[in-house]
Amino acid sequence: LPLLLEATLLRLASGSHHPFYNGFYYNNIMNDKDSGEDKAVYFNGARLVVETSKDPIYSSNGANVTLPCHYYYEPDLEAKRKIRIKWSKLRDDYTKEQDVLVAIGKTSMAFGDFRGRAHLLQAGQHEATLVVSDVRLQDDGKYRCEVIDGLEDGSDVVDLRLQGIVFPYQPPHGQYRLNFHEAERTCQEQGAILATFNQLFQAWSEGLDWCNAGWLADGTVQYPIRLPRKPCGGLHLAPGIRSYGPRHRHLHRFDAFCFSSTLRGEVFYLDRPAGMTLEEAKQSCQDAGAEIARVGHLYSAWKFSGLDRCDAGWLADGSVRYPIVSPRANCGPAEPGVRSFGFPSKGRFGVFCYKER
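So, a few notes on the structure that sits alongside this text. Predicted model, so just to flag it, every value in this text is computed and none were measured.

Quick look at the side chain of Thr186 now. By the secondary structure assignment, Thr186 is in helix H2 (residues 180-189). In this structure Thr186 comes out as buried when scored by relative accessible area, which is 10%. Setting aside anything within four residues of it in sequence, one finds Thr186 in contact with Tyr169 and Leu178.

Right under this line is the structure:
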């Protein structure tokens, strides 16, 4: 199949949404004085309006985040009403929702991974704000706040975005060896998750240029190009996200684009005068009360903690890499980045360790 240039800006524009309204109303078709226009008649005589933040809410791994939501009536209703509030997490294509929390009055219940982490903010009347503690990588995405008053309801959507980094990943056994499910598992093994399209686009806008195609969380295969060139879709295509579209999740094989956020701990470097084998490196980290760092840990430490080390070190997947914030002589290319020596079967190096706070 020929490569397609992703209509990036159009897709982002289509990602904008209008408040979702699911309320009941009757057309006033029985009115003898009908002017020919439909007239909404609400059951309680007032329109229920739900509002969330129009701007994205930014957070990071391990933090607490507040997703604002409130509701009101037009015209205002002063009497207290028994309201049902429902929060759900949307897929990128809006075809499926994951239940987050349901509340009636002061009674609420959270579901799935949100149990023990999600609750409503009790800040006053007409408040439906959601608080999520210990934010996880999988929490990134769009959330719907829905308010139900008897036979009427209204809702709006808020976008939660985690501050993070996208990195391409190729396994030790070579290029294009992962089906979708293996790519998911591989990213998790590296302290990350499969990136979404929006995360990849953000990384591209910040300078990511990578000619190998990789899986994304929605089952599509894409890659970001800043400098068009012949092996990467051709010179005639503009910069952008190249796409193979959806691929068969079991049969087709590519690399992966993983997403990691800020760390709950720290990455540090250990070395010996003669270097270490991979097994010796793992033991050295354990002796230091830590574990050998994963690829996602190293990228996050480079991006968010400014880790800059011109010494190659082992990582948990058997690769040898090093992070450079300030490029200099004998430390690789002229651009900042995480350098890779691949997966050496022999050799002695230092090691990057990771320790939870």
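This brings us to the state of the cysteines. Taken as a whole and assessed by the stated rule, the structure comprises 5 disulfides. Between Cys69 and Cys145 runs a disulfide, and the two sulfur atoms are separated by 2.0 Å. Note on the Cys69 and Cys145 pair: the S-S dihedral is about -80 degrees, so by sign convention the disulfide is left-handed. With a gap of 76 residues between them, Cys69 in strand S7 (residues 69-74) and Cys145 in strand S13 (residues 141-149) connect regions that are remote in the sequence.

Moving on, we get to the pattern of salt bridges. Applying the stated criterion to the full structure yields 15 salt bridges. A salt bridge links Arg253 to Glu182, with the nearest nitrogen and oxygen atoms 2.6 Å apart. In this pair, Arg253 is assigned in the loop between strand S19 (240-246) and strand S20 (255-261) and Glu182 in helix H2, connecting sequence segments 71 residues apart. Owing to a relative accessible area of 36%, Arg253 belongs among the partly exposed residues under this scheme.

Spatially, S5-S14-S13-S8-S9-S10 is the arrangement adopted by the 6 strands of the open sheet, whose pairing is mixed. Since the sheet does not close on itself, it has two edges, and those belong to strand S5 (57-59) and strand S10 (107-110), each with one partner. Between one strand axis and the next, the sheet turns by 25 degrees as a mean value, whatever way the strands run. Bridge count between S5 and strand S14 (residues 152-162): 3 bridges; the pairing is parallel. Directly across from Ser59, in S14, lies its bridge partner Leu162.

Turning our attention to the nonpolar core. Membership of the largest hydrophobic core comes to 90 residues, with the highest contact counts inside it found for Leu67, Trp87, Leu130 and Phe352. Other than its neighbours up to four places away in sequence, Leu67 contacts Ile57, Trp87, Thr129, Leu130, Tyr143, Val158 and Leu160.

This brings us to the packing of aromatic side chains. Scanning the model with the defined rule gives 15 aromatic pairs in all. Between the aromatic rings of Trp215 and Phe254, the centroid separation amounts to 5.8 Å while the plane-to-plane angle is 80 degrees, which identifies the pairing as edge-to-face. Of this pair, Trp215 sits in strand S17 (residues 214-215) while Phe254 sits in the loop between S19 and S20, and the two are 39 residues apart along the sequence. Across the pair, exposure class does not vary: Trp215 and Phe254 are buried alike. Three or more aromatic residues joined by ring pairs form one cluster here, namely Tyr176, Phe180, Trp215, Tyr223, Tyr244 and Phe254. Above the face of the Trp204 ring, Arg226 is positioned so that its terminal group lies 5.4 Å from the ring centre. Directly above the aromatic system of Phe180 lies the positively charged group of Arg249, at a separation of 4.3 Å from the ring centroid.

What counts as what
Residues numbered from 1 in each chain as written. Predicted model: local features only at pLDDT ≥ 70, side-chain atom pairs only at ≥ 80, totals over all residues. Heavy atoms only, no water. Helix = DSSP H or I, 4+ residues; strand = E, 2+ residues; numbered from the N terminus. Buried < 20%, exposed > 50% of the residue type's maximum accessible area, 1.4 Å probe, protein only. Contact = heavy atoms within 4.5 Å. Disulfide = S-S within 2.5 Å. Salt bridge = Lys/Arg side-chain N within 4 Å of Asp/Glu carboxyl O. Pairing = 2+ DSSP bridges. Axes fitted to C-alpha atoms, helices over the stretch in contact; angles between N-to-C directions. Core = buried A, V, L, I, M, F, W, Y, C linked by side-chain atoms within 4.5 Å. Phe/Tyr/Trp six-rings, centres within 6.5 Å; stacked < 30°, edge-to-face > 60°. Lys NZ or Arg CZ within 6 Å of the ring centre and 35° of its normal.

No statement about biological role is implied by the geometric values presented.
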